[in-house]
Amino acid sequence: MKNIVGVKFKREGKIYSFHAADLPLKRNDLVMVITDNGPAIGTVATEVKAVPGEQLAANLKNVLRLATEEDFRTRENNQKLEQEAMQFCVRKIAERQLPMKMIDVECLFDKSKMLFSFAAENRVDFRDLVKDLVQRFHTRIELRQIGARQEARVIKGLGICGREVCCATLLHNLDRVSVKMAKEQNMSLNPEKISGLCGRLMCCLGFEYEAYADLKKDMPKCGKMVQTAEGRGKVIRQSALRGEVVVILESGKEATFKAKEIIRDRAPIISAEK
């Protein structure tokens, strides 16, 4: 058995598993860990738990220690360097008239590499820009083109619900979102109403999709004939959160019923002849 703890490096980032050894860690502690990119400061996101060794990844990294004052000073200096690098890069992009927008700069803890994230409509030849950055900062430089969702995640903002966008708060992965998910939740298919700040389908559609699908799995679908307490009719709308369906009865009347109170009608529909 090994003591495993979850650590994340950004508030909106993924949670990674690390070997905690015998360190007395608790949630929100700042720790130094070893990653594939070298040492880094992370935040403990889950409680320590014992896990059998055979269930763990072979390349599991270790938590070195609780972060120290010196570690915090190093991180603060790196953040100042990131701000300087952002300003320098934006200026060079303008000078070279490159069709790209700088989004974020990340400096590794040991300054062995700087990662520049940018958005662009098409591929960009940034070889001369890389030379400028290497000459200025004397370290390895990596430029990475990101999509609209990743851009919104970094820049953040308020969604149409009035809350900070999901991608920057509760979502660890930016999974694929489809129009089918909007249909399953009875959302308007007006692009303006189901699109987020990034111009893509809202992440919350994917986040809530499974809950809606689970609620609706035992409900009669729209277009199905059912038997109700007021007679036979056809389902025309569903309300998954209320557990209700709207039925248009054979008399022409619309009525709302609890889904669990109606019976699916398997009888054929017979139209009256004139």
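Residues numbered from 1 in each chain as written. Predicted model: local features only at pLDDT ≥ 70, side-chain atom pairs only at ≥ 80, totals over all residues. Heavy atoms only, no water.

**Let's talk about the overall build of the protein**
When helices and strands are counted, the protein shows six helices and 14 strands. Its C-alpha radius of gyration of 27 Å places the protein more than 25% over the 19 Å reference for a compact globule of 274 residues. Seen through its principal axes, the protein has C-alpha atoms that stretch 90 × 55 × 30 Å. For the protein, long-range pairs separated by at least 24 residues make up 54% of all intrachain contacts whose partners lie at least 6 apart in sequence. When the accessible surface of the protein is split by element, carbon and sulfur atoms take 49% of a total near 17,700 Å². (Helix = DSSP H or I, 4+ residues; strand = E, 2+ residues; numbered from the N terminus. Rg over C-alpha atoms; globule rule 2.2 N^0.38 Å. Contact = heavy atoms within 4.5 Å. Areas by Shrake-Rupley, 256 points an atom, 1.4 Å probe, with all protein chains shown as cover.)

**Overview of the sheet that holds strand β7 (residues 101–107)**
Taken in spatial order, the three strands make up an open sheet running β7-β8-β9, and their pairing is mixed. Every other strand in the sheet has two partners, leaving β7 and β9 (140–145) as the edge strands with one partner each. Pairs of neighbouring strands in the sheet enclose a mean axial angle of 20 degrees, with direction left out of account. Of the pairings in the sheet, the one linking β7 to strand β8 (residues 113–119) comprises six bridges and is antiparallel in character. Among the inter-strand pairings, M102 is bridged to a residue of β8, identified as F118. Contacts from helix α3 (residues 148–155) reach β7 and β8, with the element oriented near 65 degrees to β7. (Pairing = 2+ DSSP bridges. Axes fitted to C-alpha atoms, helices over the stretch in contact; angles between N-to-C directions.)

**Quick look at the pattern of salt bridges**
Using the criterion set out here, one finds 15 salt bridges in the structure. Note that K10 is salt-bridged to D104, the shortest N-O span being 3.9 Å. Of this pair, K10 sits in the loop between β1 (2–8) and β2 (16–19) while D104 sits in strand β7, and the two are 94 residues apart along the sequence. Accessibility expressed as a relative area gives 40% for K10, which makes it partly exposed. Look at D104 and you get partly exposed, because its relative accessible area is 23%. The shortest N-O distance in the salt bridge between E230 and K253 comes to 2.9 Å. With a gap of 23 residues between them, E230 in the loop between β10 (225–228) and β11 (231–239) and K253 in the loop between β12 (244–249) and β13 (254–258) connect regions that are remote in the sequence. Overall, K253 belongs to the partly exposed group, its relative accessible area being 43%. Look at the salt bridges and you will find they share partners, linking R96, D128 and D132 into a network. (Salt bridge = Lys/Arg side-chain N within 4 Å of Asp/Glu carboxyl O. Buried < 20%, exposed > 50% of the residue type's maximum accessible area, 1.4 Å probe, protein only.)

**Re the side chain of K216**
Among the structural elements, K216 can be located in helix α6 (residues 203–216). Other than its neighbours up to four places away in sequence, K216 contacts K183, E184, N186, Q238 and A240.

**Regarding the nonpolar core**
Judged by nonpolar contacts, the single largest core of 19 residues is most densely connected at M100, M114, F116, L129, L133 and L143. Going through the elements one at a time, α1 (69–96), β7, β8, α2 (127–137) and β9 are the ones with two or more residues in this core. Ranked by size, the runner-up nonpolar core spans ten residues in total, among them V245, V247, A255 and F257. (Core = buried A, V, L, I, M, F, W, Y, C linked by side-chain atoms within 4.5 Å.)

**Points about unusual backbone geometry**
One non-glycine residue with positive phi stands out, namely Q97, at about 55 degrees. Note that Q97 resides in the loop between α1 and β7. Q97 gets classed as exposed once you look at its relative accessible area, which sits at 70%. Phi angles above zero are rare outside glycine, and K111 is one such case at about 60 degrees. Looking at where K111 falls in the secondary structure, it is placed in the loop between β7 and β8.

**A word on the confidence of the model for the protein**
Model confidence for the protein is summarised by a mean pLDDT of 85, while 95% of its residues fall at 70 or above. Here residues 268–274 scores under 50 on pLDDT; set against residues more than four positions off or in separate chains, the count is three contacts. (pLDDT = per-residue confidence, 0-100.)

**Some thoughts on α3**
Among the residues of α3, A148, R149, E151, A152 and R153 are the ones counted as buried. If you follow the buried residues of α3, they end up packed against β7, β8 and α6. Where α3 ends, the next residue or the one after it, K156, has phi of about 70 degrees, a positive value.

**Quick word on the packing of aromatic side chains**
With the rule as written, the count across this model stands at four aromatic pairs. With 5.7 Å between their ring centres and 75 degrees between their planes, F118 and F126 make a pair best called edge-to-face. The exposure class of F118 is buried, given its relative accessible area of 1%. Since its relative accessible area comes to 24%, F126 is described here as partly exposed. Across from the ring centre of F137, 4.9 Å away, lies the NZ or CZ of R136, which sits over that ring. (Phe/Tyr/Trp six-rings, centres within 6.5 Å; stacked < 30°, edge-to-face > 60°. Lys NZ or Arg CZ within 6 Å of the ring centre and 35° of its normal.)

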